[in-house]
Amino acid sequence: MEFKFSVNELFKNPIVEINHNLIPPGFSGDRRALWDSVNKVSEVINAMGEASAKAQGLSKPITTADRLRNSEHRLYILLDQQANNGKGAVTGMLKTGAKGLYVFDRDGQHYQVSPPCVLDFYVHDSRQRTGLGKQLFEHMLQKEGIEPVKMAIDRPSEKLLGFLNKHYGLHSPVKQMNNYVVYDGFFSKASDSNQHQEVERDQSPAGTRALKKDSANGLQTSSSPYGRYGAPRPPCSMGQIIHNQTSTINKQQEPSGAQIASQ
Ligand code: COA
């Protein structure tokens, strides 16, 4: 994608990372130059956001300069510095950021997580399938120090699912109700990946139900609030006799899955 101005003057490297301040890395200049650069960066982001939305059949862009300004997301921009008679062209963008999500694994186990996510990804239509997507994605993985399998993907297109399969061997996505997709390795326990795992006791009197917290993705597991695991448990009459209780169920002591999920 070409612009009237020189993107090579705006962005000094073939891949640049933009955050909420919309200032191009390595910027130097006075306030007027800063204002001009931020405007140009906004123009690039809005144009690429529009093109990405169009390519994905979305009614409105999910990436805009305003949205980025009000977020903790990171936007990686890929350039072809030789294009447009030496002024350069923007060939791709990739937006990432952490999101608080509830996700289910294949067994219906439910996790509260804040994983790094792929939020938007676009390579210009004229340059797709030439390896640019891989180049941009690899750069992001290295910068963020993350494996693809530990990321959640927001509304992946068929092209992106194909991309992840081809380059990272990710297949059989676990599709979530919130339109995110994760892969089986996302749920792997900390012990599998040599990462620290904490086990927290819950607040129940017995204190026997453990909430697991995995520092890799901030994984917190708890029983599914759905299906048979979510059903309220009947009172244990033998337990009531032993503890000299009435037949009234103390729901604090025997929470259902749904109660667990809301804690
Ligand atoms: N149809 C099917 N698979 C496609 C595809 C297409 N039109 N374009 C890319 N892919 C997948 C394939 O696995 C392809 O390998 P192949 O050519 O051997 O079949 C692989 O991606 C190519 O890798 P690469 O060249 O590094 O990817 P890319 O530069 O094309 O970038 C996308 C990948 C997904 C970013 C790019 O195709 C794109 O912008 N698509 C439109 C927007 C979109 O769908 N974004 C994801 C939304 S979350």
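Residues numbered from 1 in each chain as written. Predicted model: local features only at pLDDT ≥ 70, side-chain atom pairs only at ≥ 80, totals over all residues. Heavy atoms only, no water.

## Topic: the overall build of the protein chain
Heads up, the rule is: Under the DSSP-based scheme used, a helix requires at least four consecutive residues in state H or I and a strand at least two consecutive residues in state E, with every element numbered from the N terminus. Three exposure classes are used, based on accessible area relative to the maximum for each residue type with a 1.4 Å probe and protein chains only: buried under 20%, partly exposed in between, and exposed over 50%. Contact definition: two residues touch when any of their heavy atoms are within 4.5 Å. To be clear on the numbers: accessible area is Shrake-Rupley with a 1.4 Å probe, and residue cover counts the displayed protein chains and nothing else.
Scanning the protein chain from N- to C-terminus turns up eight helices and 12 strands. The burial tally for the protein chain puts 42% of its 263 residues in the buried class. Put simply, of all contacts in the protein chain between residues at least 6 apart along the chain, 59% involve residues at least 24 apart. About 15,000 Å² of surface is accessible on the protein chain, with carbon and sulfur atoms providing 48% of the total.

## Considering the pairing of strand E6 (residues 116-123)
This is how the line gets drawn: Note on pairing: DSSP must find at least two bridges between two strands before they are called paired. The definition of a right-handed crossover adopted here requires that, viewed with the strands pointing away, the path from the first strand over the helix to the second runs clockwise.
Most of E6 is tucked away: eight of the eight residues are buried. Judged from the seven bridges that link them, strand E3 (residues 89-98) and E6 form a sheet pairing that is antiparallel. Directly across from Gly92, in E6, lies its bridge partner Val123. Note that E6 and strand E7 (residues 152-154) share two bridges and pair parallel. When the sheet's bridge partners are listed, Cys117 is paired in E7 with Ala152. For the crossover that starts at E6, traverses helix H4 (residues 132-144) and ends in the parallel E7, the hand is right-handed.

## So, the layout of surface pockets
To be explicit about the condition: For cavity detection a 1 Å grid was placed over the protein atoms alone, and a set of points counts as a cavity when a 1.4 Å probe fits there but cannot get out; an open set counts as a pocket when protein lies on both sides within 12 Å along at least five of seven lines, with lining residues being those that have an atom within 4 Å of a point. Grid points are joined across faces, edges and corners, and a volume is the space filled by probe spheres set on the points. Basically, the charged four are Asp, Glu, Lys and Arg, the nonpolar ten are Ala, Val, Leu, Ile, Met, Phe, Trp, Tyr, Cys and Pro, and anything else, Gly included, counts as polar.
Here the largest pocket defines a volume of roughly 700 Å³. Lining the largest pocket are 29 residues, with Gln128, Arg129, Lys159, Leu160 and Phe163 sitting closest to its centre. The set of elements that each furnish at least two residues to the lining of the largest pocket consists of helix H2 (31-56), E6, H4 and helix H5 (158-168). Of all the elements, H5 adds the most residues to the lining of the largest pocket, at seven residues. Residue composition of the lining of the largest pocket, grouped by class: 11 nonpolar, nine polar and nine charged.

## Comments concerning the sheet that holds E6
Let me state the cut-off plainly: To define axes, lines are fitted to C-alpha atoms, for helices over the stretch in contact only, and angles between the resulting N-to-C directions are given on a 0 to 180 degree scale.
With mixed pairing, the seven strands of this open sheet are ordered in space as E1-E2-E3-E6-E7-E9-E8. Of all the strands in the sheet, just strand E1 (15-18) and strand E8 (174-175) have a single pairing partner and so form its edges. Set on the sheet, H2 makes contact with E1, strand E2 (74-80), E3 and E6; between it and E6 the angle comes to about 90°. The strands that H5 touches are E6, E7 and strand E9 (180-182); relative to E6, the one it contacts most, it runs at about 110°.

## Digging into the site of the ligand
Note the threshold: What makes a residue near a molecule or strand is one non-hydrogen atom of that residue sitting within 4 Å of it. In protein, a polar contact means a hydrogen-donor-capable atom and an acceptor-capable atom, both N or O and within 3.5 Å, with residues adjacent in sequence counting only if both atoms are side-chain atoms; elsewhere, any N or O pair within 3.5 Å suffices.
Surrounding the ligand, one finds 21 residues, the nearest of these being Phe121, Arg129, Gly131, Ser157 and Lys166. Gly162 places a main-chain nitrogen or oxygen 3.1 Å from an oxygen atom of the ligand. Between the ligand and Lys166, the relevant distance is 2.8 Å, taken from an oxygen atom to a side-chain nitrogen or oxygen of the residue. Burial of the ligand by the protein chains amounts to 84% of its free accessible area of 900 Å².

## Brief notes about unusual backbone geometry
For Leu22, which is not glycine, the phi dihedral falls at a positive 60°. Phi is positive for Asn84, close to 55°, though the residue is something other than glycine. Mapping Asn84 onto the fold places it in the loop between E2 and E3. Residue Asn84 is classed as buried on the basis of its relative accessible area of 16%.

## Focus: the UniProt feature "site: Crucial for catalytic activity" (unreviewed entry) in the protein chain
The test is simple: UniProt positions are given in the numbering used here, feature names are shortened, and annotations may be inferred rather than shown by experiment.
In the numbering used here, UniProt assigns the feature "site: Crucial for catalytic activity" (unreviewed entry) to Gln56. Its place among the elements puts Gln56 in helix H2. The exposure class of Gln56 is partly exposed, given its relative accessible area of 28%. Gln56 has contacts with Asp120, Phe121 and Arg155, leaving out every residue within four places of it along the chain. Within the structure, Gln56 has its side chain in polar contact with the side chain of Ser52 (distance 2.7 Å).

## Re the packing of aromatic side chains
Worth spelling out the cut-off: Aromatic pairing here means that ring centres of Phe, Tyr or Trp (its six-membered ring) are within 6.5 Å. Orientation follows from the plane angle: under 30 degrees is stacked, over 60 is edge-to-face, and everything else is tilted.
As enumerated under the stated definition, the model contains eight aromatic pairs in all. Between Phe137 and Phe163 the ring centres are 5.5 Å apart and the planes differ by 70°, which places this aromatic pair in the edge-to-face class. Separated by 26 residues along the polypeptide, Phe137 in helix H4 and Phe163 in helix H5 bring together distant segments of the chain. This pair shows no difference in class: Phe137 is buried, exactly as Phe163 is.

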